[in-house]
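A look at the structure
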Amino acid sequence: MTETLVAPVGAHPEAGTGETPPKRLFIKTYGCQMNVYDSERMADVLRPLGYAATDTAEGADFVILNTCHIREKAAEKVYSELGKMREMRDKKLARGEGRMTIAVAGCVAQAEGEEIMRRQPAVDLVVGPQAYHQLPELLARNARARGERIGADFAPNEKFDALSAEGAAARGVKGPTAFLTVQEGCDKFCTFCVVPYTRGAEWSRPVADVLAEARGLADKGVREVTLLGQNVNAYDGAGPDGVWTLAKLAYALAEIPGIDRIRYTTSHPNDMSDDLIAAHGDLPALMPWLHLPVQAGSDRILRLMNRKHGRQKYIDLIARIRETQPDLALSGDFIVGFPGETDKDFEDTMDLVRQVTYASAFSFIYSPRPGTPAAGMGTQVPDAVARERLHALQTLLFEQQTAFNASRAGMIFDVLFEKKGRHGHQAIGRSPWLQSVHVDDADHLLGQIVPVEIISGQQNSLTGRLLQQKVA
Ligand code: SAH
Ligand code: SF4
Ligand code: F3S
């Protein structure tokens, strides 16, 4: 999963119906897809209280920053954003428009709750990733909740019990694709990573809950679900007949009418079980796409990172998966400049990338995180060296991505149309390999899966045309 700034949760048509005008809710989401899912669920639990999502903080009654702690930059962004929110809050009060409640949620809330309160007293609430289902109750308690901080204990089961009790119908959807969290937390303790501390131990949602939520999504027109977990392929949820693996869950999800496409992210190489690999060749709904981070290509660095596998094991694993699904789009994450990384170590990473080849990837300069073992490890790599390595790696990865996209030209395959494009009647869809596909005169097909002929592939997207257009 990667740190990106994602769009705020969009307005929901069902929100705020009733006698009183809706209260305006603005959620800004940082970090990984799980935070996107969590933001959507926060909007869901607040909707019955009359909160309707808006896409601007200006004039909002309730602002939530759903934060990410993965790298220093991500965490620091929160404080500058809070400064802006405080100004907006003061102006709103001065205009006589009432109070703006400010909450910090997500992984920074979990990791730095007390510091947030100290550094920015304008913050009313701090809610950890396992506690946001309590937002309505906290708001109801109003004044007493000022300055309240919850979520220091990890109990995702309580959160999901509360969310599931609301019923699958409570979920707002924004189009034909949706995230669905099935697993949370991480027991791997890579030495650079804060996630085991911010999200807690690995925990899987029961099968029945996942299936109910997926049915609810399908009823609202969702055709593609992406199953989320910090280590999603470690899924071991309680099923009707014992513990289910992720593969077994995927087969059951594929049976739900309307759910035509399934993806899952993020996976750890050590949890790629035989049944999951086999499913890639056997279950048509499982898209030929896999995000399987390796982080580095040097055995020495992999050991220091505590990744618990070597370079060759990863290379062999990818070969096995490609035997099952030769048409796989592989995606990955990389860290450069891990403490003590030499030129030779970095060359091993470049070499691994050349051998394996990726359809897309995210790469980052190592960021020392407080409380993680790597932060205290030996020599940190000078910034200029790390930047140079990042540039070289990204150049190679972009070349591979562009080549993969270009290789789709001339093919005909199914595209799920997701949203309107920028020009005229253009629509943007998703290919089986998660590329964006731009097609003219297709905006009447939103929500549908339709065959498209690909004209060309660029670095970040594909251009295609509807088959009928050719005939006409
Ligand atoms: N559970 C996922 C990743 C979660 S974090 C996995 O194991 O793959 C998403 C990505 O952020 C990681 O894959 C890693 O590449 C990057 N990352 C994590 N901690 C980092 C740090 N301290 N500095 C730089 N990048 C980091
Ligand atoms: Fe972080 Fe490693 Fe767990 Fe991924 S597997 S969340 S990188 S500790
Ligand atoms: Fe960031 Fe937390 Fe996700 S630290 S990457 S938001 S799990």
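Cut-offs used in this document
- Residues numbered from 1 in each chain as written.
- Chains lettered and ligands numbered in written order.
- Predicted model: local features only at pLDDT ≥ 70, side-chain atom pairs only at ≥ 80, totals over all residues.
- Heavy atoms only, no water.
- UniProt positions renumbered as here; feature names shortened; annotations may be inferred.
- Helix = DSSP H or I, 4+ residues; strand = E, 2+ residues; numbered from the N terminus.
- Near = heavy atom within 4 Å.
- Nonpolar A, V, L, I, M, F, W, Y, C, P; charged D, E, K, R; others polar.
- Pairing = 2+ DSSP bridges.
- Axes fitted to C-alpha atoms, helices over the stretch in contact; angles between N-to-C directions.
- Core = buried A, V, L, I, M, F, W, Y, C linked by side-chain atoms within 4.5 Å.
- Buried < 20%, exposed > 50% of the residue type's maximum accessible area, 1.4 Å probe, protein only.
- Domains from an automatic or database assignment.
- Contact = heavy atoms within 4.5 Å.
- 1 Å grid on protein atoms, 1.4 Å probe; cavity = no way out; pocket = protein on both sides within 12 Å on 5 of 7 lines; lining within 4 Å.
- Points joined across faces, edges and corners; volume = space filled by probe spheres on them.
- Phe/Tyr/Trp six-rings, centres within 6.5 Å; stacked < 30°, edge-to-face > 60°.
- Buried area = accessible area lost by both parts, 1.4 Å probe.
- Salt bridge = Lys/Arg side-chain N within 4 Å of Asp/Glu carboxyl O.
- Polar contact = N/O pair within 3.5 Å; in protein donor to acceptor, adjacent residues only side chain to side chain.

In the annotation of an unreviewed UniProt entry, the entry for the chain reads tRNA-2-methylthio-N(6)-dimethylallyladenosine synthase, and the organism field reads Brevundimonas goettingensis. Regarding the chain, the UniProt comment filed under Catalytic activity (unreviewed entry) reads as follows: "N(6)-dimethylallyladenosine(37) in tRNA + (sulfur carrier)-SH + AH2 + 2 S-adenosyl-L-methionine = 2-methylsulfanyl-N(6)-dimethylallyladenosine(37) in tRNA + (sulfur carrier)-H + 5'-deoxyadenosine + L-methionine + A + S-adenosyl-L-homocysteine + 2 H(+)".

Considering the UniProt feature "domain: Radical SAM core" (unreviewed entry) in the chain
In this structure's numbering, the residues bearing the UniProt feature "domain: Radical SAM core" (unreviewed entry) are residues 172–403. Secondary structure across residues 172–403 divides into 39% helix and 18% strand, with the first and last C-alpha atoms of the span separated by 37 Å.

Concerning the site of ligand 3
In the vicinity of ligand 3, the contacting residues are C32, N35, T67, C68, H69, I70, C107, R199 and Q230. Class assignment of the residues belonging to the shell around ligand 3 gives a composition of four nonpolar, four polar and one charged.

Section: the sheet that holds strand β15 (residues 289–291)
Taken in spatial order, the three strands line up as β15-β16-β17 in an open sheet, and their pairing is parallel. Across the chains shown, the open sheet's two edge strands, defined by having one partner strand only, are β15 and β17 (360–365). Averaged over all adjacent pairs, the angle separating strand axes in this sheet is 10°, with direction ignored. Note: strand β16 (residues 329–336) against β17, six bridges, orientation parallel. Bridged to F334 within β17 is S363.

A look at the nonpolar core
The biggest cluster of nonpolar side chains holds 55 residues, and the ones touching the most others in it are L227, L249 and Y358. Shared between two domains, this core holds at least three residues of each, these being domain 2 (154–286) and domain 3 (288–407). Other than its neighbours up to four places away in sequence, L249 contacts V182, V207, V210, L211, L227, Y235 and W244. Ranked by size, the runner-up nonpolar core spans 26 residues in total, among them M34, Y37, V45 and L46.

Let's talk about the layout of surface pockets
Empty space within the second largest pocket amounts to approximately 500 Å³. For the second largest pocket, the lining is made up of 20 residues, of which K73, I365, Y366, S367 and D383 are closest to its centre. A total of five residues in the lining of the second largest pocket trace back to one element, the largest contributor, which is helix α13 (residues 383–406). Split by residue class, the lining of the second largest pocket holds eight nonpolar, five polar and seven charged. Counting the residues that make up the lining of the second largest pocket, at least three belong to each of domain 1 (23–153) and domain 3 (288–407).

A few points about the packing of aromatic side chains
Per the stated rule, a full pass over the model turns up seven aromatic pairs. Residues F160 and W203 carry aromatic rings whose centres are separated by 5.7 Å and whose planes lie at 10° to one another, so their mutual orientation is stacked. Note that F160 is positioned in helix α5 (residues 156–165) and W203 in strand β10 (residues 203–204), a separation of 43 residues in sequence. With 5.2 Å between their ring centres and 85° between their planes, F334 and Y358 make a pair best called edge-to-face.

A few points about the domain arrangement of the chain
What the domain assignment reports for the chain is domain 1 (23–153), domain 2 (154–286), domain 3 (288–407) and domain 4 (412–466). Averaged C-alpha coordinates put domain 1 and domain 3 at centres separated by 34 Å. Between domain 1 and domain 3, the buried area comes to about 430 Å², and carbon and sulfur atoms account for 48% of it. Scanning the region where domain 1 abuts domain 3 turns up zero salt bridges. In this structure, the connection of domain 1 to domain 3 is made through three residue pairs in polar contact (both at pLDDT 80 or more). Of the residues that constitute the side of domain 1 that touches domain 3, the class distribution is two nonpolar, one polar and two charged.

Brief notes about the environment of A252
Within the secondary structure, A252 is located in helix α8 (residues 246–254). Given a relative accessible area of 19%, A252 falls into the buried group. Taking the C-alpha atoms as reference, A252 lies 7.8 Å from L211; in sequence the two are 41 residues apart. Those residues in contact with A252 that sit more than four places away from it in its chain are L211 and W244.

Quick look at the pattern of salt bridges
As enumerated under the stated definition, the model contains 38 salt bridges in all. With its nearest N and O atoms 3.5 Å apart, the salt bridge here joins E81 to K84. Note that E81 and K84 are positioned in helix α2 (residues 72–94) at a spacing of three residues, about one turn of the helix. Residue classification places E81 among the buried residues on the basis of a relative accessible area of 8%. You can call K84 partly exposed: its relative accessible area is 47%. Across the pair R389 and E341 runs a salt bridge whose closest N-O atoms are separated by 2.9 Å. Taken together, the positions of R389 in helix α13 and E341 in the loop between β16 and α12 (343–356) put the pair 48 residues apart, joining distant regions of the chain. Given a relative accessible area of 6%, R389 falls into the buried group.

Overview of the sheet that holds strand β18 (residues 412–420)
On the basis of which strands lie adjacent, the closed barrel formed by five strands has the order β18-β19-β20-β22-β21 and mixed pairing. Each neighbouring strand pair of the sheet contributes to a mean axis angle of 55°, computed without reference to strand direction. Relative to strand β21 (residues 449–457), β18 is paired through five bridges, and the arrangement is antiparallel. Bridge pairing in β21 places I412 opposite E453.

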